[in-house]
Amino acid sequence: MNDDVRNIVLGVLATGISAALGWVARTYLWRRRLRRQQAFFGLPDHSEALLVVNRQAGAGENSVTRHDVFALLELSALIKDCHANAQIVGHDTARQGFGERTEFCVGGPYSNVRMAAHLESLLPGVRVDVDTEPGPDRGSFLIGGERYRLDRGKEEYVLLARLTAGRRRDERPVFLFCGQRGITNQAATRYLARNHERLARTYGTKPFVLLLKVINSQAYGPDVVELVADVTQAARSPLPDPAPRSPHGTS
């Protein structure tokens, strides 16, 4: 074998080895990223997630509002990325505990009885004004003594939470998307879809409760979202009774 042929062979071998090492490295990084995502969502391969959603008021038995459909699509894509499966159930038919399967619960407590139960048992520091009569506090959030009022179409709030009851180490989480309007629920699911890697790096598998603000939804829909604060401690600490009424506006 002359020097030219030997150099060609060595070059081909070096190229093949480099390509193989690159493929192994990419596969390793992809698998590590997948395992981190699966751990954050509590969704190992072939597991099942529960999607709990409102039903559209005054519509058929299986009717869901437009914004809730979009929210379910966002969540379904995340579940599929984890190589898991999704089951959709109405809020008034999900009569079971939590921790066995990852749950994604969408909707405010005024129209989602499952969400109301979760807030009462997991977030005692959160009160949502569900009064149907018009008033400045209608639909507002009270979190640790601070009130966040709804300014329809301009500034609207939604809670995004990852919670567990903490009874078992292998307990699956429940994700809450509790908004003041349907479009804010969709905004929270989109925020999770875009930021779950950062949230996983920040919180790992620990519980968190984030207060988000949806800006000018009448013009921008669910796309412009600000993180107001991490309210985990306040939301999980019981409010005094009677709850204080802070004059906090829509800031």
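Residues numbered from 1 in each chain as written. Predicted model: local features only at pLDDT ≥ 70, side-chain atom pairs only at ≥ 80, totals over all residues. Heavy atoms only, no water.

**Things to note about the side chain of glutamate 103**
Working step 1: Structurally, glutamate 103 can be placed in strand β3 (residues 102-106).
Working step 2: For glutamate 103, a relative accessible area of 1% puts it in the buried group.
Working step 3: Setting aside its immediate chain neighbours within four residues, glutamate 103 contacts Leu50, Val52, Phe98, Arg114, His118, Pro173, Val174 and Phe175. (Helix = DSSP H or I, 4+ residues; strand = E, 2+ residues; numbered from the N terminus. Buried < 20%, exposed > 50% of the residue type's maximum accessible area, 1.4 Å probe, protein only. Contact = heavy atoms within 4.5 Å.)

**Looking at unusual backbone geometry**
Outside of glycine, negative phi angles account for most residues, and trans bonds account for most peptide bonds.
Working step 1: Located in the positive-phi region is histidine 46, a residue other than glycine, with phi close to 65 degrees.
Working step 2: Positionally, histidine 46 belongs in the loop between α1 (3-41) and β1 (48-53).
Working step 3: Judged by its relative accessible area of 70%, histidine 46 falls in the exposed class.
Working step 4: Phi at asparagine 216 takes a positive value of approximately 50 degrees, unusual for a residue other than glycine.
Working step 5: You can see asparagine 216 is positioned in the loop between β9 (208-215) and α5 (217-220).

**A few points about helix α3 (residues 113-122)**
Working step 1: Taken together, the buried positions of α3 are occupied by Arg114, Met115, His118, Leu119 and Leu122. Along the axis of α3, the buried positions cluster into a sector of 135 degrees, meaning they face one direction only. Residues of α3 that are exposed and point over 90 degrees away from its buried face: Val113 and Glu120.
Working step 2: Buried residues along α3 sit against β1, β3, β4 (126-128), β7 (155-163), β8 (174-179) and α6 (232-236).
Working step 3: Where α3 begins, one side-chain oxygen reaches toward the backbone nitrogen of arginine 114, 3.0 Å away; that side chain belongs to asparagine 112. (Arc of directions from axis to C-beta. Polar contact = N/O pair within 3.5 Å; in protein donor to acceptor, adjacent residues only side chain to side chain.)

**Remarks on the environment of asparagine 112**
Working step 1: Tracing the backbone shows asparagine 112 in the loop between β3 and α3.
Working step 2: As for asparagine 112 and histidine 91, which are separated by 21 residues in sequence, their C-alpha atoms are 5.6 Å apart.
Working step 3: Setting aside its immediate chain neighbours within four residues, asparagine 112 contacts Val52, Val53, Asn54, His91, Cys105, Val106 and Gly107.
Working step 4: A polar atom in the side chain of asparagine 112 sits 3.0 Å from the backbone nitrogen of arginine 114.
Working step 5: A distance of 2.9 Å separates a polar side-chain atom of asparagine 112 from the backbone nitrogen of methionine 115.

**Focus: helix α2 (residues 66-81)**
Working step 1: Over its 16 residues, α2 runs 23 Å from end to end, which matches the ideal 22 Å to within 8%, given 1.5 Å per residue.
Working step 2: Taken residue by residue, α2 has Asp68, Ala71, Leu72, Glu74, Leu75, Leu78 and Ile79 as its buried positions. One side of α2 holds all its buried residues, which, seen down the axis, span an arc of 160 degrees. Residues of α2 that are exposed and point more than 90 degrees away from the buried face comprise Arg66, Leu73 and Lys80.
Working step 3: Looking one or two residues beyond α2, the residue adopting positive phi is histidine 83, at roughly 65 degrees. (Expected span 1.5 Å × (residues − 1).)

**Quick notes on a nonpolar patch on the surface**
Working step 1: Taken together, the side chains of Val69, Phe70 and Leu73 define a hydrophobic patch exposed on the protein surface, amounting to about 250 Å² of accessible area.
Working step 2: Considering the arrangement of structural elements, one finds phenylalanine 70 in helix α2. (Patch = residues over 30% accessible without salt bridge, like charges linked within 9 Å, V, L, I, M, F, W, Y side chains within 5 Å. Areas by Shrake-Rupley, 256 points an atom, 1.4 Å probe, with all protein chains shown as cover. Salt bridge = Lys/Arg side-chain N within 4 Å of Asp/Glu carboxyl O.)

**Brief notes about a positive patch on the surface**
Working step 1: A cluster of like positive charges, contributed by Arg32, Arg36, Arg198 and Arg201, occupies part of the molecular surface.
Working step 2: Elements supplying a minimum of two residues to the positive patch: α1 and α4 (182-203).
Working step 3: Inspection of the secondary structure puts arginine 36 in helix α1. (Lys, Arg positive; Asp, Glu negative; His and termini not counted. Charge placed at Lys NZ, Arg CZ, Asp CG, Glu CD.)

**Considerations on the environment of leucine 160**
Working step 1: On the secondary structure map, leucine 160 appears in strand β7.
Working step 2: Measuring from C-alpha to C-alpha, the distance between leucine 160 and alanine 188 comes to 6.2 Å, with 28 residues separating the pair along the chain.
Working step 3: When near neighbours in sequence (up to four residues on either side) are disregarded, leucine 160 contacts Leu176, Phe177, Ala188, Tyr191, Leu192, Leu199, Phe208, Val209, Leu210 and Leu212.

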